[in-house]
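# Survey of secondary and tertiary structure
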Amino acid sequence: MYSKQFLLLVSISFFCLVQLFGQTKNLSAPAPVYPLPTASQMAWHEMEMNAFVHFTTNTFTDREWGYGDESNDVFNPTAVNAEQWAKTLQETGFKTMILTCKHHDGFCLWPSEFTEHSVKNSPYKNGKGDIVKEASDACKMYGLKFGVYLSPWDRNRADYGQPTYLTYYRNQLKELFTKYGPIVEMWFDGANGGDGYYGGAREKRKINGATYYDWPKTLDLVRSMSPNVIFFSDAGPGVRWVGNERGIAGETNWNTITTDTLYAGKGGIEKLLNTGQADGKNWIPAEVDVSIRPGWFYHTKEDSLVKTPEKLLSIYLSSVGRGSTLLLNIPPDRRGLFHENDVKSLRGFAELLKKEFGNNLAANAKVSADTYRGNQKMFAPANLTDGNKETYWTTDDAITTGSVVITLAKSQTINYILLQEYIKLGQRVQSFTVEAWKDNHWEKIAAATTIGYKRILKIDPIAAQKIRVTITQSKACPILSNIELY
Ligand code: FUL
C-alpha cells in the first residue's frame, strides 16, 4: 500500500508536469497585442450599422449650415413621427440612432432651460414638443440604441468663444444625459467655419480648437453621468472620423492611432484618420459617416438624388467591409418623416444585403491549417467556421504566418470572402492572400492588408471547392475567429 503522502506527491508532480507541458505546448491563449478595445468599443464594433438623423431649422430654410439667426418660427414640421424613423431603421438593420440635438445654428430640438432658441418657442406642437424625447422613446420602442450630436460650434450664442459658453455647452450635456438616456454615443464634430450671428454681433470668430473647448473636463463630466458612452471626434477618444464623408474607410484600416497631437477639427489629418497607424498607441477605430443624400439635411431638390441600394451596398463594403462601423444619415423631411424615396432605398439595401450575404457557403465547412497553437483543439482551424465569434484559430507565439484551407462539400460560385480577427486580443494581421484551388493548382484571387473586426473582399465570381487564406504578415501570432464565403 502507498501512503497518502506518497500519493499526494505523485499527483502534485503530475500536475506540475502538465503545467510545464502545457506551457511549451501553448495551452494558454496568446498574450494581447496592445492597445485593446474597451467593452463599449467592442459593442460599437459589433453594431456594424448605425444611423444619423440630421434635423433642425436647416430642414426648413434649405441650408446645410444655419447662420444662427433663424427665427424659431421656421421650425414647423407638420407630421413628426420618430417611430417611423426608428421602425424603418430597425427593419433595415441599423442598431443606433444618433440625432442632431443641436447643429451649428444652435437651435435645440429639446426644450432646453438654458436657451430660448429651441422647440419650446417654435410652432411645433405649440412649443410643447420635444424631438429628442420622441426620438429616444422611439429608439427604446424599437430596440435601438440612442446617441446625441451636440455641435460645439454654436452660431447663435452671443458668448461663443467665451468661457461662459463652455458652461452653457456642459449644462446642455447635463440635460441630455440625465433626461434622455441611456445615450451610447456622443458626437462632437470639429467644424468651426468662423462667421455667424452670435447674438447679433454678426461677425467672424476664431477659437483655438486645440484648447478652447477644454475637452478633458467636458468628457469627464459626461463620463460621470454615463461611464460607458462612446465619444466621437477626430481624436476620439471612443471612435475617430474616417477622414471623408463619402463612406470610404482605408483599404488599410488600423483601429489603432496615436492621438497625442490630435484634436477635433485639427485639419490636414484626413489621410491619417483614414488608415490609422499600425503602431498607434490608442484604440480608436474609424466611424464612416455618410449621408444617403448629397446633403446632411433634407432638401426637396435632392429627392431624386437619394443613393441607390447598389450604392449603399458599395458603401457597406467600403465601411463595414473594411473593419469600420457605418453611420448612415437619413434626414427627415419638412413633415418630420423619412421621405418615401429614402425609405425605399433603405429597404432595397436591406434586401440586397440579404441576397448577397444570406447564405454562408462556409458554415460548418471543413477547415485545415498548416499550423495551429500547440496542436490544441481549442485553437484549431475548425473554430473558423463554427459560427461562434468567441472561438478562434491561432498559431504558436513564434509563428506569425500561416494558411487555412476551407473545403466545401461541393464546388460553389464564390463572390465574397469575409474574415474576422479576434480583436479582443488586439489587431494583428498586416497582410494576407486568398487563393482558390483551380485546375490542380492554387490561383490567387485576392490580396489585402488589414482585417480587424471584419474584412469583406468582393472578388470576381469563381467556382471552387477549396479556398486557401494565407496570413503573410502579422504583428504577432494571428488570431482569426471567423471566415465566411458567399
Ligand atoms: C460636420 C458638419 O459640419 C456637417 O454639417 C454634418 O453635421 C457632419 C456630420 O459633420 O462636421
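Residues numbered from 1 in each chain as written. Predicted model: local features only at pLDDT ≥ 70, side-chain atom pairs only at ≥ 80, totals over all residues. Heavy atoms only, no water.

Further remarks concern the overall build of the protein. Secondary structure assignment for the protein yields 10 helices and 19 strands. Computed over the C-alpha atoms, the radius of gyration of the protein is 26 Å, within 12% of the 23 Å expected from 2.2 N^0.38 for a compact globule of 486 residues. On the principal axes, the C-alpha backbone points of the protein span a range of 90 × 60 × 45 Å. Here the protein holds 486 residues, and 58% of them are scored as buried. For the protein, contacts bridging at least 24 residues in sequence account for 76% of all contacts bridging at least 6. On the protein, roughly 20,400 Å² of surface is accessible, and the fraction owed to carbon and sulfur atoms is 53%. Across the protein, 54 positive and 51 negative side-chain charges occur, with their mean positions spaced 4 Å apart. (Helix = DSSP H or I, 4+ residues; strand = E, 2+ residues; numbered from the N terminus. Rg over C-alpha atoms; globule rule 2.2 N^0.38 Å. Buried < 20%, exposed > 50% of the residue type's maximum accessible area, 1.4 Å probe, protein only. Contact = heavy atoms within 4.5 Å. Areas by Shrake-Rupley, 256 points an atom, 1.4 Å probe, with all protein chains shown as cover. Lys, Arg positive; Asp, Glu negative; His and termini not counted. Charge placed at Lys NZ, Arg CZ, Asp CG, Glu CD.)

This part takes up the nonpolar core. Among the nonpolar cores identified, the biggest contains 77 residues, and Trp85, Leu99, Ile131, Leu176, Met186 and Tyr316 are the most heavily contacted of them. No other element matches helix α6 (residues 163–179), which puts seven residues into this core. Counting contributing residues, this core receives three or more from each of domain 1 (39–357) and domain 2 (366–485). Ignoring anything within four residues of it in the chain, the contact list for tryptophan 85 reads Val53, Phe55, Val80, Met97, Leu99, Ile131, Ala135, Pro332, Gly336, Leu337 and Phe338. Judged by nonpolar contacts, the second largest core, of 30 residues, contains Val429, Ala448, Leu457 and Val469. (Core = buried A, V, L, I, M, F, W, Y, C linked by side-chain atoms within 4.5 Å. Domains from an automatic or database assignment.)

With that out of the way, let us pick up helix α7 (residues 215–225). For α7, the set of buried residues is Trp215, Thr218, Leu219, Leu221 and Val222. With its buried residues spanning 155° around the axis, α7 presents them on a single face. Across from the buried face of α7, at angles greater than 90 degrees, the exposed residues are Pro216, Lys217 and Ser224. Of the surrounding secondary structure, the elements contacted by the buried residues of α7 are α6, β4 (185–187) and β7 (230–232). (Arc of directions from axis to C-beta.)

Taken together, Phe52, His54, Trp65, His103, His104, Tyr149, Trp187, Asp189, Ala191, Glu245, Asp289 and Trp296 make up the full set of residues adjacent to the ligand. Within the side chain of histidine 104, a nitrogen or oxygen atom sits 2.8 Å from an oxygen atom of the ligand. Take aspartate 189: an N or O atom from its side chain is 2.7 Å from an oxygen atom of the ligand. Here the ligand has 290 Å² of accessible area as a free molecule, and 92% of this is covered by the chains. Broken down by class, the residue content of the shell around the ligand amounts to six nonpolar, three polar and three charged. (Near = heavy atom within 4 Å. Polar contact = N/O pair within 3.5 Å; in protein donor to acceptor, adjacent residues only side chain to side chain. Nonpolar A, V, L, I, M, F, W, Y, C, P; charged D, E, K, R; others polar.)

Once that is clear, we can look at the pairing of strand β16 (residues 429–438). Judged by how many residues are buried, β16 sits mostly within the fold: seven of 10 residues are covered. Where β16 and strand β18 (residues 455–474) come together, seven bridges link them in antiparallel fashion. In the strand pairing of β18, valine 434 is matched with valine 469. Across seven bridges, β16 lies against strand β17 (residues 441–448) in antiparallel orientation. Counterpart to phenylalanine 432 in the pairing with β17 is alanine 448. Following β16, the chain reverses through two residues before pairing antiparallel with β17; aspartate 439 in that reversal takes a positive phi of roughly 45°. (Pairing = 2+ DSSP bridges.)

The next subject is helix α9 (residues 309–319). Counted residue by residue, α9 has eight buried out of 11 residues, so it is predominantly covered. Taken as a whole, α9 has its buried residues at Pro309, Leu312, Leu313, Ile315, Tyr316, Leu317, Ser318 and Ser319. Lining the buried residues of α9 we find β1 (49–53), β11 (286–291), β12 (325–329), α10 (340–357), β15 (402–421) and β18.

Turning next to the side chain of arginine 428. The residue arginine 428 is located in the loop between β15 and β16 in this model. As a buried residue without a salt bridge, arginine 428 has its nearest oppositely charged side chain in glutamate 421, at a separation of 5.4 Å. In contact with arginine 428, other than residues within four places in its own chain, are Pro30, Ala31, Pro32, Val33, Trp254, Glu421, Ser474, Lys475, Ala476, Cys477, Pro478 and Ile479. (Salt bridge = Lys/Arg side-chain N within 4 Å of Asp/Glu carboxyl O.)

Spatially, the eight strands line up as an open sheet ordered β7-β4-β3-β2-β1-β12-β11-β8, and their pairing is parallel. If you trace the sheet from one side to the other, it starts and ends with β7 and β8 (240–241), each paired once. Relative to β11, β8 runs parallel, the two sharing two bridges. Across the sheet, residue tryptophan 241 finds its bridge partner in β11, namely glutamate 287.

Bringing the domain arrangement of the protein into the picture now. Domain parsing of the protein yields domain 1 (39–357) and domain 2 (366–485). Each of domain 1 and domain 2 has a C-alpha centre, and the two are 36 Å apart. Taken together, the 21 residues of domain 1 in the interface contact 19 residues of domain 2. Each partner contributes to the roughly 1,700 Å² buried at the junction of domain 1 and domain 2, and carbon and sulfur atoms together form 57% of this total. At the junction of domain 1 and domain 2, the tally comes to one salt bridge. Put simply, glutamate 48 and lysine 454 hold a salt bridge, and the shortest N to O gap is 2.8 Å. Across the domain 1-domain 2 interface, the total number found is 12 residue pairs in polar contact (both at pLDDT 80 or more). Elements with a minimum of two residues in the side of domain 1 that touches domain 2: α2 (39–47), α9 and α10. (Buried area = accessible area lost by both parts, 1.4 Å probe.)

So, about the packing of α9 against α10. With their axes 8 Å apart at the nearest point, α9 and α10 run at an angle of 60° to one another. One finds that α9 runs oblique with respect to α10. Note on packing geometry: the crossing formed by α9 with α10 is right-handed. Contacts from Pro309, Glu310, Leu312, Leu313, Tyr316 and Leu317 in α9 reach Ser345, Gly348, Phe349, Leu352, Leu353, Glu356 and Phe357 in α10. (Axes fitted to C-alpha atoms, helices over the stretch in contact; angles between N-to-C directions. Parallel < 35°, antiparallel > 145°, perpendicular 65-115°, else oblique. Left-handed = near helix turned anticlockwise from the far one by under 90°.)

As a further point, take the confidence of the model for the protein. Low pLDDT marks stretches whose predicted atomic positions should not be read closely. Looking at the protein as a whole, the pLDDT averages 95, with 95% of positions reaching at least 70. Here residues 15–24 is modelled with pLDDT under 50, and outside its nearest four sequence neighbours on either side it reaches one contact, counting other chains as well. (pLDDT = per-residue confidence, 0-100.)

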